[in-house]
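Report on the structure
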Amino acid sequence: MRPTGKLHLGNYVGALENWVRMQEQYDCFFFIADWHALTTDYADPSHLKENLVDVLLDWLAAGLDPAKCVMFIQSHVPVHAELHLLFSMITPVGWLERVPSYKEQKENIKEKDLNTYGFLGYPVLQSADILIYKADVVPVGEDQVAHVELTREIARRFNGFYIGGFNDKKREYVFPEPAALLTPAPRLPGTDGRKMSKSYGNAVLLTDPEPVVRQKLKTMVTDPARIRRSDPGNPDICPVGDLHKIFSSKDTMAKVYEGCRSAGIGCIECKSWAADTLVKILNPMQERRKKYEDNPRLAWDILEAGSARAREVAGATMDEVRSAMGLDYGPVKGSTK
Ligand code: SF4
């Protein structure tokens, strides 16, 4: 995850909630991608550290547990950069130019100059991030599947060029080809009805206190056909209805459908039920976060221990990579060192 600062409910349902489940089933490595942030925000890295700490606190608040998964900072495991460099030697430029998000972002992000080597190559860095842990699966949304496919292609190309070794005369490959584990992410609307996003200013943050959550929901757009209290509405075309569907209980949902369609409830009441549900989800997170906010050293220690563990695993892979590529030069014959 890029260090974008405080996370919102869209980040939670789109990724974090799933990660918290995954840590129970897999050996998970989650990292804060500070180098990836620089591929687009290279001109002003001044908020990087503050944003990075906020992301970490929100991870811990949401329930990621250092006893169950490894959390680290990308730049604290410098061999990611070494593998990125080696992969960049074997990756055809055409593969990168046809990554859908490359063209899309270059067209959409006009305020930054993305004609850089780093921006074109960021999917190669991502491949290194994944393959250095020999990941079997990568939890991604639909828009990231192409990146995992590229990772598989790079792994295949590497394995084609360089032999990992032999086991019982059978050729061994250095890298497995990881699979994309699609996260079924419901589209979470923001207060203006568009997809929830910090850049649209329509997000409910995981750190928003109760009065702020209630105020934000009060201003949320509703079914446009419901102008007066006496007009019946339709929760299926209302962003507040979508919020209920994602977070509320079946009972509340039934009351929403019934009350909205019969004009038996007003939108203000309906929104206050949605706020009740959100507050119930956010309260325990905010309590967990507080422990680390009061003692940021605790959170930082978690990242440092995670980074050390990640360096061990990634370092072992790099030994194999250097050996497969013939880069493990021992001392030259006759040398004293
Ligand atoms: S009652 Fe609820 S679901 Fe119906 S239009 Fe109002 S806010 Fe939307």
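The structure under discussion appears in the preceding block.
Because the structure is predicted, anything quoted here is derived from the model rather than measured. (Residues numbered from 1 in each chain as written. Predicted model: local features only at pLDDT ≥ 70, side-chain atom pairs only at ≥ 80, totals over all residues. Heavy atoms only, no water.)

What to know about helix α13 (residues 267–294)
For α13, which comprises 28 residues, the first-to-last C-alpha distance of 38 Å matches the rise-based estimate of 40 Å (1.5 Å per residue) to within 8%. The largest bend along α13 reaches roughly 30° and is located at L282, with the proline P284 sitting one to four residues downstream. All buried positions along α13 are accounted for by C270, K271, W273, A274, A275, T277, L278, V279, L282, M285, R289 and Y292. Buried residues in α13 make contact with α1 (9–25), α3 (48–62), α10 (210–218), α11 (239–247), α12 (250–261) and α14 (296–324). (Helix = DSSP H or I, 4+ residues; strand = E, 2+ residues; numbered from the N terminus. Expected span 1.5 Å × (residues − 1). Bend = angle between axes of the 7 residues up to and from the residue. Buried < 20%, exposed > 50% of the residue type's maximum accessible area, 1.4 Å probe, protein only. Contact = heavy atoms within 4.5 Å.)

Side note on the pattern of salt bridges
The tally for this structure, following the rule as stated, stands at 24 salt bridges. Across the pair E149 and R152 runs a salt bridge, and its minimum N-O distance is 3.7 Å. Here E149 pairs with R152, and both are found in helix α9 (residues 145–161), just 3 residues apart, close to one helical turn. You can call E149 partly exposed: its relative accessible area is 36%. Residue classification places R152 among the partly exposed residues on the basis of a relative accessible area of 23%. Its salt-bridge partner being K245, residue D242 comes within 3.6 Å of it at the nearest N-O pair. One end of the pair is D242 and the other is K245, both in helix α11 and 3 residues apart, which spans about a single turn. You can call D242 partly exposed: its relative accessible area is 22%. (Salt bridge = Lys/Arg side-chain N within 4 Å of Asp/Glu carboxyl O.)

Side note on unusual backbone geometry
In the Ramachandran plot, K134 falls in the positive-phi region, its phi being about 50° despite a non-glycine side chain. Within the secondary structure, K134 sits in the loop between α8 (122–131) and β3 (137–140). For A263, which is not a glycine, the phi torsion comes out positive at approximately 60°. With respect to the helices and strands, the residue A263 is situated in the loop between α12 and α13. Judged by its relative accessible area of 15%, A263 is buried.

Re the packing of aromatic side chains
Within this structure, the stated rule accounts for 13 aromatic pairs. Taking 5.6 Å as the distance between ring centres and 55° as the angle between the ring planes, the aromatic pair formed by F72 and Y133 counts as tilted. With F72 in strand β2 (residues 69–73) and Y133 in the loop between α8 and β3, this residue pair connects regions lying 61 residues apart in the sequence. As far as the burial class goes, F72 and Y133 line up, both buried. Site record: aromatic cluster; members linked through ring pairs are F87, F158, F161, Y162 and F175. In this structure, R2 packs its charged tip against the face of Y122, placed 5.6 Å from the ring centre. Above the plane of the ring of W273 lies K255, whose end atom (NZ or CZ) is 4.5 Å from the centre. (Phe/Tyr/Trp six-rings, centres within 6.5 Å; stacked < 30°, edge-to-face > 60°. Lys NZ or Arg CZ within 6 Å of the ring centre and 35° of its normal.)

Things to note about the packing of α11 against α12
The contact between α11 and α12 brings their axes to 9 Å, and the two run at 160°. On the basis of the axis angle, α11 is roughly antiparallel to α12. Relative to α12, α11 is oriented so that their crossing is left-handed. Contacts between α11 and α12 involve G241, H244 and K245 from the former and T252, M253, V256 and Y257 from the latter. Across the contact of α11 with α12, the residue classes break down as 3 nonpolar, 3 polar and 1 charged. (Axes fitted to C-alpha atoms, helices over the stretch in contact; angles between N-to-C directions. Parallel < 35°, antiparallel > 145°, perpendicular 65-115°, else oblique. Left-handed = near helix turned anticlockwise from the far one by under 90°. Nonpolar A, V, L, I, M, F, W, Y, C, P; charged D, E, K, R; others polar.)

Re the site of the ligand
Around the ligand lies a shell formed by T222, D223, R226, P235, C238, V240, C260, C267 and C270. Within the shell around the ligand, the residues separate by chemical class into 6 nonpolar, 1 polar and 2 charged. (Near = heavy atom within 4 Å.)

So, the nonpolar core
Within the largest apolar cluster, 51 residues are counted, with the highest numbers of intra-cluster contacts made by L9, L16, L56, W59, L64, M71 and L206. Broken down by secondary-structure element, the contributors of at least two residues to this core are α1, β1 (28–32), α3, β2, α10, α11, α13 and α14. Sort the elements by how many residues they give to this core and α13 lands first, with 9 residues. In this structure, L56 is in contact with I32, M71, A299, W300 and L303, ignoring residues within four places of it in sequence. (Core = buried A, V, L, I, M, F, W, Y, C linked by side-chain atoms within 4.5 Å.)

Details of the environment of D192
Tracing the backbone shows D192 in the loop between β6 (179–182) and α10. The partly exposed category is assigned to D192, whose relative accessible area is 30%. Sequence separation between D192 and T219 is 27 residues; the distance between their C-alpha atoms is 8.2 Å. What D192 contacts, discounting residues up to four positions off in sequence, is Y200, N202 and V221. At 3.0 Å, the side chain of D192 forms a polar contact with the backbone nitrogen of R194. At 2.7 Å, the side chain of D192 forms a polar contact with the side chain of N202. (Polar contact = N/O pair within 3.5 Å; in protein donor to acceptor, adjacent residues only side chain to side chain.)

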